[in-house]
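Here's the letter readout for the chains.
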Amino acid sequence: MSFKITILGCGGALPSRNKNPSSQYIECNNRHILIDCGEGTQMQIRKLGIHFQKITHILISHLHGDHWFGLPGLLSTMNLLGRNTGVTVYGPSNLLSLLNDILSFGGHQLNFPLNFVALDFKEERILFEDKLILIKSFPLKHRIPTCGFRIEEKKKEYTINTEETKKQAIQLKDYPKLKRGENVILENGEIIDFKSCVFDPKKPLAYAYCSDTYPSAKYINSIRNADLLYHEATFTEEHAGRAKSTLHSTAQQAAEIAQKANVKNLIIGHFSSRYENGEEHLREAKKIFDNTSVAEDGMVIDLTL
Ligand SMILES: [Zn+2]
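Residues numbered from 1 in each chain as written. Predicted model: local features only at pLDDT ≥ 70, side-chain atom pairs only at ≥ 80, totals over all residues. Heavy atoms only, no water.

**Q** Got a minute to help me understand the overall build of the chain in this structure?
**A** When helices and strands are counted, the chain shows nine helices and 18 strands. A total of 305 residues make up the chain; the buried ones form 53% of that total. The long-range fraction of contacts in the chain, counting pairs at least 24 apart against all pairs at least 6 apart in sequence, stands at 64%. Carbon together with sulfur atoms contributes 50% to the accessible area of the chain, which is approximately 14,800 Å² in total. (Helix = DSSP H or I, 4+ residues; strand = E, 2+ residues; numbered from the N terminus. Buried < 20%, exposed > 50% of the residue type's maximum accessible area, 1.4 Å probe, protein only. Contact = heavy atoms within 4.5 Å. Areas by Shrake-Rupley, 256 points an atom, 1.4 Å probe, with all protein chains shown as cover.)

**Q** How do you make sense of the coordination of the zinc ion when you look at a structure like this?
**A** Put simply, a metal with four donors set out as a tetrahedron has ideal angles of 109.5 degrees, and one with six donors set out as an octahedron has ideal angles of 90 or 180 degrees. Listed as protein donors to the zinc ion are His62 (NE2), His64 (ND1), His142 (NE2) and Asp212 (OD); their distances from the metal cover 2.2 to 2.4 Å. Because the angles between the four donor atoms bound to the zinc ion fall within 91 to 165 degrees, the donor set is best described as irregular. For the zinc ion, the donor residues sit on a single chain with the sequence spacing H-x1-H-x77-H-x69-D. Taken together, the residues span a long stretch of sequence, with His62 in the loop between strand 4 (57–59) and helix 2 (71–80) and His142 in the loop between strand 8 (133–139) and strand 9 (147–153) at a distance of 80 residues. His142 sits in the buried class, given a relative accessible area of 9%. (Donors = N, O, S within 2.8 Å, 3.2 Å for Na, K, Ca; no water. Tetrahedral: all angles 85-135°; square planar, octahedral: opposite > 155°, others 65-115°.)

**Q** Got a minute to help me understand the packing of helix 2 against helix 3 (residues 95–105) in this structure?
**A** Axes are the key here: two packed helices are described by the angle between their axes and the distance separating the axes. Relative orientation of the contacting elements helix 2 and helix 3 amounts to 60 degrees, with a least axis distance of 10 Å. Comparing their axes, helix 3 and helix 2 come out oblique. At the point where helix 2 passes helix 3, the crossing takes the right-handed sense. Contacts between helix 2 and helix 3 involve Leu71, Pro72, Leu75 and Ser76 on the former and, on the latter, Leu95, Leu99, Ile102 and Leu103. Of the residues that constitute the contact of helix 2 with helix 3, the class distribution is seven nonpolar, one polar and no charged. (Axes fitted to C-alpha atoms, helices over the stretch in contact; angles between N-to-C directions. Parallel < 35°, antiparallel > 145°, perpendicular 65-115°, else oblique. Left-handed = near helix turned anticlockwise from the far one by under 90°. Nonpolar A, V, L, I, M, F, W, Y, C, P; charged D, E, K, R; others polar.)

**Q** Looking at this structure, I do not really get the pattern of salt bridges. What am I missing?
**A** Pairing between side chains becomes possible if they bear opposite charge and their charged atoms approach one another. Scanning the model with the defined rule gives 15 salt bridges in all. One salt bridge connects Asp130 with Arg31, and the closest N-O pair in it is separated by 2.7 Å. Placement of the pair is Asp130 in the loop between strand 7 (125–129) and strand 8 and Arg31 in strand 3 (residues 31–37), with a sequence separation of 99 residues. Per residue, the accessibility class of Asp130 equals that of Arg31, and both read buried. Where Arg125 meets Asp120, a salt bridge forms, and the shortest distance between an N and an O atom there is 2.7 Å. Here the salt bridges do not stand alone but share partners, grouping Asp120, Glu123 and Arg125 into one network. (Salt bridge = Lys/Arg side-chain N within 4 Å of Asp/Glu carboxyl O.)

**Q** Looking at this structure, how should I read the nonpolar core?
**A** A general tendency of soluble globular proteins is for nonpolar side chains to be buried together. By size, the foremost hydrophobic cluster in this structure holds 26 residues, and its most contacted members are Phe3, Ile5, Ile35 and Tyr207. Every element with two or more residues in this core is listed here: strand 1 (3–9), strand 2 (23–28), strand 3, strand 8, strand 9, strand 14 (206–210) and strand 15 (228–232). If we skip the residues at most four places from it in the chain, Ile5 touches Gln24, Tyr25, Ile26, Tyr207, Leu228, Met299, Val300, Ile301 and Leu303. Grouped together as the second largest cluster of nonpolar side chains are 24 residues, Ala226, Ala261, Ala285 and Val294 included. (Core = buried A, V, L, I, M, F, W, Y, C linked by side-chain atoms within 4.5 Å.)

**Q** Is there a simple way to explain the packing of aromatic side chains in this structure?
**A** Two numbers describe a pair of aromatic rings. These are the distance of the centres and the angle of the planes. What the rule picks out here adds up to four aromatic pairs. Judged by centre distance (5.3 Å) and plane angle (70 degrees), the rings of Trp68 and Phe69 are edge-to-face. Exposure remark for Trp68: the relative accessible area of 6% places this residue in the buried category. Ring centres 6.4 Å apart and planes at 20 degrees place the aromatic pair Phe138 and Tyr219 in the stacked group. (Phe/Tyr/Trp six-rings, centres within 6.5 Å; stacked < 30°, edge-to-face > 60°.)

**Q** Please clarify how the state of the cysteines should be interpreted in this entry.
**A** What is meant by a disulfide is a covalent connection between two cysteines, made through their sulfur atoms. Scanning the entire structure with this criterion turns up zero disulfides. With no disulfide of its own, Cys147 has Cys210 as its nearest cysteine by sulfur position, at a separation of 11 Å. The class for Cys210 is buried, based on a relative accessible area of 0%. (Disulfide = S-S within 2.5 Å.)

Spelled out as structure tokens, the structure:
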């Protein structure tokens, strides 16, 4: 089981020498997801040795260019590399026609299925679900329709206490029942309580992504209790007025959201290019929420550790 977040880009709207526009690669239990795809994302994927063709879900939070201008290029590269398996893009409804126009005007036709799911900007939605993971979207508060995302593991199975199963002569064929939390009936009719021969499952992990947004109580429930929250913190308190007028957050506001949502850890990014580094952002956020760190391009966070 694995749950890793790779920050491909965590810059603000203007790229800088060491900060690319927004993009993250998430590997969760062998599902490969890209969140946002700013310009330069495919170069970051190359540099960091990520396998292009493994990505099957691409989540685009909103249509400001620093969150999706890398997508046509990435899809073209997947095509050039001979992809034949489908990709699902989740984004604002007009993204699909934008992509089709860009690709068709250049005379390109994708040789793999491009599935598209339009985001709902009114309420929380489940975007994808299988036996191991769940991806949800939820509305944020920005100048144009914007969603945040939550990726979480599904409830895990119990693990077998083999010492006990041997003692109680439980056969291998009954292990799946125990893992699901079902009692087992032995051949002699004896009922074995599953709790006597399993260990509790590990707590499912959750990651939440909020960019870009003005802080709002409306999305607190959607990010509640996440093991890690990435929250934009475009400004420091000095420019709180600018944050309000552009519907972005300050580092302090991001920390207040993290505290209210009871997340375990907070990582902040999307700093305006007017700041040389994130030192002041970190100082302001830590006053409210100590488990805060600053995102860096190329950073890998392993939630299972
Ligand atoms: Zn934006």
